[in-house]
Structures are given as structure tokens and as C-alpha cells.
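Each chain, letter by letter, is given below.
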Amino acid sequence: MSIWLDGALRDVDSAKVSVFDHGLTVGDGVFETLKAERGRAFALTRHLDRLTRSARGLGLPDPDHDEVRRACAAVLEANPVEHGRLRVTYTGGVSPLGSDRGDGGPTLIVALAGSPRRPDTTAVVTVPWVRNERSAVAGLKSTSYAENVVALAAAHRAGASEALLANTVGRLCEGTGSNVFAVLDGQLHTPPLTSGCLAGITRALVVEWAGAKETDLPFEALEQAEEVFLTSSLRDVQAVVRIDGRELGTGPGPVTAEAMRIFDAKAGADLDP
């Protein structure tokens, strides 16, 4: 396994970051997860643009898009996989112990791991924790991911693959690593970015391609929804067939199935939409 670290490919045993890296000590970093298929990354330009928005949100220097593209290409070439998870991590770099940043510059890491294609359906649970839509890092893809780890572990204990969260005012927000869509009275909806959810790449494409409406929804809308599905870079569009103890069917409903069809067709026709 070869990993890109600060300007060069390195084997996994020599790809090491300092124990004083701010991404490790205080979670001061941002990242992107891309779907990789047959040596190509999907929607790379959109991911680079979001990486920059997240970096600016933390006050990090803008990442060099050309360097990140070179790093992704080198890692994909060095580690052939049929279907994989390509991870770009960009941190505050070596810094003092504490919240202040050092002046050594950011750390850039690109790594790849094989990943099976997701099943068409999944189960989710709701959890009592909330997203803070007024947080300084709301909507940023930050490496400060501990609350997602806790919520996802709760989902796994309940036999589900994802946990869905409300925000502080009780509105539907997102999953730990996914966006959520709901069909209500035959219409497709997803929470707006003002809910505190991440501006998901797949979310944006589904809104654009399938005509979903961005709607401020109560968390309880999950109880009335005829269909629910998740989107993320590795899930693409994935139907939810169980929420907590509520069954929504045995397979994708008609609106979800159409969104899956549209996404597969358009994504297959353009790897960098």
C-alpha cells in the first residue's frame, strides 16, 4: 500500500506524521472521501472545492488543487482497486500542544482502501444527540469526528448502518456520514444547509438531477415519510427500509428507485460532473 504524504508517495510503514500534528492533537483538519472505481475518482472537482471551503472555514491555507490532483492520481495508480475509498486529509500541521497553530504549514495525506459496493437497502436509527447548526464548524467536513463515531457505534449496536440526527431546534438534519432524503405526499425533500447538515456532493447531484426540494422539516417527518433514502460518496443513493422499529418496505420505493436510476446513469456518463 502506497500513501501520499507531504509531496511524495511512501509505503505504509514509512508514511508517518508527527505526534504534534494539529490534526492528531486537537482535530484541526479537514478531509474528503471520494468514491474510486477502476483507477478513477468520482466528482473530484466538487470534492476539491469543498475541501477548500472547509479549510477556509477553519482558517487553514487553501489547499493546492494541482497538488491534491497529482496525489490522488499517484495513489490510484499505485494501488489498483476495482471499487475503493479515496481519502484526502489536510491538517494544521505540526503545532504546539494546545489550540494555537504552528508555522510549519499544513499536512496533506492521500490514502486509498478497497471498499465493497454498498447494498441497495439499509436500516437506520434515530439518536438523542443533535447537530449544532450554529457551531463554528457547522457544515465543515472536519476531522473532529468523535460525535459521529459515538452515534454510528450506537447505530451498529442496534443493527443499523447509520444514525440520523436532528439539530438543536428539532429539525431533521443528517446522518453521521450521509445526507437524508424523505418522500412526503409523493414529493422528494431534503433538509436545507441551514439545518447544519454537510453540503454533500451526492446530495447536491441528487437535488440537481432528481429535482428534490430543500425543505425545513421537523425530525418527526421521518415517522410520516413514505420513503427515505441516504446519499453519500460511497452509498450513492441507498434506500432505507427500516427506521428504528418502523418498516418502510423490503426494497426501494418508486421515488427512490427513480433517483437511483437517474444517479447511476448520469454518474456513469460523467466521472467529474
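Here is what the cut-offs are and how they apply
Residues numbered from 1 in each chain as written. Predicted model: local features only at pLDDT ≥ 70, side-chain atom pairs only at ≥ 80, totals over all residues. Heavy atoms only, no water. Helix = DSSP H or I, 4+ residues; strand = E, 2+ residues; numbered from the N terminus. Rg over C-alpha atoms; globule rule 2.2 N^0.38 Å. Buried < 20%, exposed > 50% of the residue type's maximum accessible area, 1.4 Å probe, protein only. Areas by Shrake-Rupley, 256 points an atom, 1.4 Å probe, with all protein chains shown as cover. Lys, Arg positive; Asp, Glu negative; His and termini not counted. Charge placed at Lys NZ, Arg CZ, Asp CG, Glu CD. Phe/Tyr/Trp six-rings, centres within 6.5 Å; stacked < 30°, edge-to-face > 60°. Lys NZ or Arg CZ within 6 Å of the ring centre and 35° of its normal. Contact = heavy atoms within 4.5 Å. Expected span 1.5 Å × (residues − 1). Patch = residues over 30% accessible without salt bridge, like charges linked within 9 Å, V, L, I, M, F, W, Y side chains within 5 Å. Salt bridge = Lys/Arg side-chain N within 4 Å of Asp/Glu carboxyl O.

### Points about the overall build of the chain
Helix and strand counts for the chain come out as 7 helices and 15 strands. For a compact globule of 273 residues, the expected C-alpha radius of gyration is about 19 Å, and the chain comes in at 19 Å, within 12% of that figure. The principal-axis extents of the C-alpha atoms in the chain amount to approximately 55 × 40 × 30 Å. Counting across all 273 residues of the chain, residues that qualify as buried make up 49%. If you sum the accessible surface of the chain, you get close to 12400 Å²; carbon and sulfur atoms cover 53% of it. Taking the average location of the 28 positive side-chain charges in the chain and that of its 36 negative ones, the two points are 1 Å from each other.

### A look at the packing of aromatic side chains
The full count for this structure, using the stated rule, is 4 aromatic pairs. An angle of 80° between the planes, with centres 5.3 Å apart, marks the rings of Phe 31 and Tyr 145 as edge-to-face. Separated by 114 residues along the polypeptide, Phe 31 in strand β3 (residues 29–37) and Tyr 145 in the loop between β7 (121–131) and α4 (146–157) bring together distant segments of the chain. Relative to Phe 263, the ring of Phe 42 has its centre 6.1 Å away and its plane inclined at 70°; by these criteria the two rings are edge-to-face. Residue Phe 42 is found in the loop between β4 (40–41) and α2 (44–58), and its partner Phe 263 is found in helix α7 (residues 254–269); the two are separated by 221 residues along the sequence. Since its relative accessible area comes to 6%, Phe 42 is described here as buried. Phe 263 gets classed as buried once you look at its relative accessible area, which sits at 2%. Among the aromatic side chains, those forming a connected cluster through ring pairs are Phe 42, Trp 209 and Phe 263. Of note, Lys 35 hangs over the ring of Phe 42, and the distance from its end group to the ring centre comes to 5.0 Å. The ring of Phe 31 carries the charged tip of Arg 87 above its face, separated from the ring centre by 3.9 Å.

### Details of helix α5 (residues 201–210)
α5 sits mainly inside the fold: 7 of its 10 residues count as buried. At the exit of α5 stands Gly 211, carrying a positive phi of roughly 75°.

### Some thoughts on the environment of Asp 6
Note that Asp 6 resides in the loop between β1 (2–5) and β2 (8–11). Residue Asp 6 is classed as partly exposed on the basis of its relative accessible area, which comes to 41%. Along the backbone, Asp 6 and Ala 154 are 148 residues apart, and their C-alpha atoms lie at a distance of 35 Å. Apart from the residues lying within four places of it in its own chain, the contact partners of Asp 6 are Pro 106, Thr 107 and Leu 108.

### What to know about α2
An ideal rise of 1.5 Å per residue puts 21 Å on 15 residues; α2 measures up with 21 Å between its terminal C-alpha atoms. Looking at α2, one finds that the buried residues are Leu 44, His 47, Leu 48, Arg 50, Leu 51, Thr 52, Ser 54, Ala 55 and Leu 58. Looking at the packing, one finds that the buried side of α2 touches β3, β4, α3 (65–78), β5 (83–91) and α5. With its phi angle positive at about 80°, Gly 59 sits one or two positions after the end of α2.

### Thoughts on a nonpolar patch on the surface
Judged by side-chain polarity, Val 19, Phe 20, Leu 24, Val 94 and Leu 97 come together as a nonpolar surface patch covering roughly 530 Å² of accessible area. Positionally, Phe 20 belongs in the loop between β2 and α1 (22–25). The partly exposed category is assigned to Phe 20, whose relative accessible area is 39%.

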